[in-house]
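Secondary and tertiary structure notes
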Amino acid sequence: MDGSIRILDNGNPEKVNYITDEAVYVSKLKAKRRGHTSYSYDKPQYLLKMFTEDGQENKTEILDMGEGDSWILNGSMADKSMLRNYLPYRIASEIGGSAIAPDSRYCEVLLETEQGLEYQGVYLLMESIARGKNRIDIDKQKEKESYTSYIVRRDRFTNFDVMLDTYGRLNGLSEEWIGVKYPSEAKLTDTQKTFIEEDFSKIEQVIYSKDERVFKAYDRYIDMDSFVDYFLINEFFGNYDSGNHSTYMYKNSGEKLHIGPVWDFDQAMNNYYGDEMENHTLAMQVKPLYDCLTKDARFVDMLKGRYFELRRGALSEEHINDVIDETIKYLTSAREREWYRWS
């Protein structure tokens, strides 16, 4: 869908924005529906690709979020609270910045049609998962090189990404696939695909090794801090989907594998009707890679130490409740308009 976008924001959360206000951002765009389960919802979600008037990629900041040309309008109907994505993203950003969570802003969307403006409800305007200085800051691909920095995602099979036959899936250690998100399918060379496949497989081979001496070297291959924080954020917010689906990882050339950013909390915090949240058990320790890492005392000790540290700050009960109260106050009557629009 081709169109344009205007963003209105007076910069004062205490004041109301009006449709007659001057826009703070204007751009041409291409938009398409996105999502998996949410694709069938009445309320659509969108991937937005911004362009300049002459058809070039429009890589700019929006509402003080990091520069980029791809954005997401997330408005899942599964989450009646409207808090389940914003809250973990906000807290995770406080813990690890843009490397561990996308930045996001609440907005209300109106669609201009031949009949006039149609109110679409409350959305989160979010950064997409992409390479960039203010997104995932890894080296840019060089097509003539046999190696490359990369971003991958563990998820269901899809025709939109290049799917890899990695050691873990080929040996039944994970039911889901590893797909390449960066470099894009259009730019990824066959040689670089083979490099990513072999590089990621090597990491899996080390972590899943039955040889204790090989396994103990896993910290040479993965960034321990990112794996610890990713575990704790998803466990804390009860995101049972993470680890198997929408699980992003990235690796800069010559460096260790990082996991993140966290993603998709629609069904977190006991919002998955097929599986009640178990308050007395953990979920992440049975997910791919973590099923081995959590058997090592070093990793478990790091989890314990980091958890106690975060519970005194970003994950403290007081801070979580303050963010919830602040967000509800900010949304005010927008919550009522959302419910009125979508019943």
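Let me sum up the structure you'll find in this document. A quick note: this is a predicted structure, and the numbers were derived from the prediction, not measured.

Let us look at helix 9 (residues 334–342). Three or more residues of helix 9 are buried, namely Ala334, Glu338 and Trp342. One side of helix 9 carries all its buried residues, which in axial view fall inside an arc of 55°. Away from its buried face, by an angle of more than 90 degrees, helix 9 presents the exposed residues Glu336 and Tyr340. Looking at the packing, one finds that the buried side of helix 9 touches strand 7 (104–113), strand 8 (116–127) and helix 8 (317–331). Positive phi appears at Ser343, one or two residues downstream of helix 9, with a value of about 55°.

Look at the link from Tyr182 to Pro183: it is a cis peptide, with omega at 0°. Following the sequence through the fold, Pro183 ends up in the loop between strand 11 (177–182) and helix 3 (190–207). Put simply, Gly260 and Pro261 share a cis peptide bond, and its omega is 0°. For Pro261, the position within the fold is in the loop between strand 13 (257–259) and helix 6 (290–293). Unlike most non-glycine residues, Met269 shows phi in positive territory, near 50°. Phi is positive for Ser343, close to 55°, though the residue is something other than glycine. With respect to the element layout, Ser343 can be found in the segment after helix 9. On the basis of relative accessible area, Ser343 is assigned to the exposed category, the value being 75%.

Taken in spatial order, the five strands make up an open sheet running 10-11-9-12-13, and their pairing is antiparallel. In this open sheet, the two edge strands, each paired with only one partner strand, are strand 10 (162–164) and strand 13. Within the sheet, the average angular offset between the axes of one strand and its neighbour, ignoring direction, is 30°. Strand direction decides the pairing type here: strand 9 (residues 150–155) and strand 11, joined by five bridges, are antiparallel. Residue pairing in the sheet places Ile151 in a bridge with Tyr182 of strand 11. Against the sheet, helix 3 contacts strand 9, strand 10, strand 11, strand 12 (247–251) and strand 13, and its axis sits at roughly 65° relative to strand 9. Against the sheet, helix 5 (residues 224–236) touches strand 12 and strand 13, its axis set at about 15° to strand 13.

Ranked by internal contacts, the top residues of the largest apolar core, which has 67 residues, are Ile91, Tyr218, Ile222, Phe227, Tyr290 and Phe299. Sort the elements by how many residues they give to this core and helix 5 lands first, with seven residues. Core analysis: the next-biggest nonpolar cluster, separate from the first, contains 15 residues, Tyr25, Ala31, Tyr46 and Met50 among them.

Let us look at a nonpolar patch on the surface. Residues Ile19, Leu110 and Leu117 make up a contiguous nonpolar surface patch of about 270 Å² in total accessible area. Within the fold, Leu117 resides in strand 8. Judged by relative accessible area, which is 48%, Leu117 ranks as partly exposed.

Rules and cut-offs
- Residues numbered from 1 in each chain as written.
- Predicted model: local features only at pLDDT ≥ 70, side-chain atom pairs only at ≥ 80, totals over all residues.
- Heavy atoms only, no water.
- Buried < 20%, exposed > 50% of the residue type's maximum accessible area, 1.4 Å probe, protein only.
- Helix = DSSP H or I, 4+ residues; strand = E, 2+ residues; numbered from the N terminus.
- Arc of directions from axis to C-beta.
- Contact = heavy atoms within 4.5 Å.
- Pairing = 2+ DSSP bridges.
- Axes fitted to C-alpha atoms, helices over the stretch in contact; angles between N-to-C directions.
- Core = buried A, V, L, I, M, F, W, Y, C linked by side-chain atoms within 4.5 Å.
- Patch = residues over 30% accessible without salt bridge, like charges linked within 9 Å, V, L, I, M, F, W, Y side chains within 5 Å.
- Areas by Shrake-Rupley, 256 points an atom, 1.4 Å probe, with all protein chains shown as cover.
- Salt bridge = Lys/Arg side-chain N within 4 Å of Asp/Glu carboxyl O.

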